[in-house]
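Fold and contact review
Chain by chain, the residues:
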Amino acid sequence: MRIVLLLLGTATLAAPLSAQQAKLERPNDWEVRFDRSGTPDSAIYFVSMPPGWHVTTGPAAILYSPASTAEGDFRVQSTIFLFDPGQRHREAYGILIGGKDLDGPNQSYTYFVIRDTGDFLVKRRDGSATETVRQWSPSSAIMKHPGGENAKNVLTIEAKGSAVDFFVNGEKVTSVPRSDLQVDGVVGLRVNHGLNLHVVDLVVEPLGGADGR
């Protein structure tokens with residue numbers, strides 16, 4: 001089964017205008033968890049804006065639909081537009097897999113993020129602790145913000161057999177043994193501090209065939 005978390009409609013890939021904001025609502029099937037406990041819900045602007053969602057953060061957070069899960073051999077992919085990060089070019093954004101207990105004290109997941117410096121990172125979270133699986137590393141595949149426009153990046157995670165592969169804009173940037181990661185579970189998004197994004201979709205589909213595609 002191929003699951004596409006996508007809100008259909010006319011594309012609006014511009015930062016929301018204040019006059020529009022009153023008409024936009026947070027998707028009711030999604031949850032938000034901030035890194036810092038006690039952060040007020042108003043610290044994030046997260047709304048349905050077809051196609052997809054618009055996200056403007058204060059503090060760092062994860063966003064997820066509890067019903068969206070992946071296990072076994074699968075691909076998770078998201079197309080994300082970054083608006084001018086200003087001085088926040090070192091703040092990261094991307095996708096998460098393997099989510100468990102995301103609303104509880106024993107939260108765990110694997111996340112794959114990029115930043116406007118042209119680097120990517122793979123980490124694990126277990127409760128309040130995080131473990132770096134792949135250090136910040138440069139990749140020419142990452143589209144940096146050009147100034148005056150937005151930067152489009154397609155992030156993909158493919159879990160097949162004993163390996164998990166990570167791609168940016170179709171180019172594999174790293175591969176990690178499955179045993180080193182939390183893989184099966186909820187999928188979602190991770191967005192760090194002070195970023196303005198439009199997330200077009202979050203696609204979950206099984207892998208099959210000789211080449212896994």
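Anything mentioned here points back to the structure above.
The structure contained in this document is the topic of the report that follows. (Residues numbered from 1 in each chain as written. Predicted model: local features only at pLDDT ≥ 70, side-chain atom pairs only at ≥ 80, totals over all residues. Heavy atoms only, no water.)

**Some details on the packing of aromatic side chains**
Under the convention used in this document: Working definition: rings of Phe, Tyr and Trp (its six-membered ring) pair if their centres are within 6.5 Å, and the pair is stacked with planes under 30 degrees apart, edge-to-face with planes over 60 apart, and tilted otherwise. Exposure categories follow from relative accessible area, calculated using a 1.4 Å probe and restricted to protein chains: below 20% of the type maximum is buried, above 50% is exposed, and the middle band is partly exposed.
Overall, the coordinates contain five aromatic pairs when judged by the stated rule. Pairing Tyr-109 with Tyr-111 gives two aromatic rings, centres 5.5 Å apart and planes at 50°, and the pair type is tilted. The same class applies to Tyr-109 as to Tyr-111, namely buried. Judged by centre distance (6.4 Å) and plane angle (70°), the ring pair of Phe-112 and Phe-120 falls under edge-to-face. Note on accessibility: Phe-112 and Phe-120 belong to one class, buried.

**Structural notes on the pairing of strand β15 (residues 196–199)**
Stated formally: Secondary structure elements are taken from DSSP: a helix is a run of H or I of four residues or more, a strand is a run of E of two residues or more, and numbering for both begins at the N terminus. One bridge is not enough; two strands pair if DSSP finds at least two bridges between them.
By the alternation rule, side chains of β15 split into Asn-196 and His-198 and Leu-197 and Val-199, which are all buried. Pairing analysis gives three bridges linking strand β6 (residues 74–82) to β15, with the strands arranged antiparallel. In the strand pairing of β15, Phe-81 is matched with His-198.

**Let's talk about the sheet that holds strand β14 (residues 185–191)**
Filter applied, for reference: Where helices are involved, their axes are fitted lines through C-alpha atoms of the stretch in contact, as for all axes, and angles between N-to-C directions lie from 0 to 180°.
The strand order across the open sheet built from seven strands is β2-β5-β14-β7-β8-β9-β10, with neighbouring strands paired in antiparallel fashion. Two strands close off the open sheet at either side, each with one partner strand: β2 (31–34) and β10 (129–138). Averaged over all pairs of adjacent strands, the angle between their axes in this sheet comes to 20°, without regard to strand direction. The pairing of β2 with strand β5 (residues 61–70) spans four bridges and is classified as antiparallel. Its bridge partner being in β5, Val-32 is matched across the sheet by Leu-63.

**Re unusual backbone geometry**
Of note, the bond from Pro-50 into Pro-51 is cis; its omega dihedral lies within 30 degrees of zero at -5°. Note that Pro-51 resides in the loop between β3 (44–48) and β4 (53–57). The phi torsion at Asp-101 lies on the positive side, around 50°, for a residue other than glycine. The backbone of Asn-169 sits at a positive phi, close to 50°, despite the residue not being glycine. Along the chain, Asn-169 turns up in the loop between β12 (163–168) and β13 (171–177).

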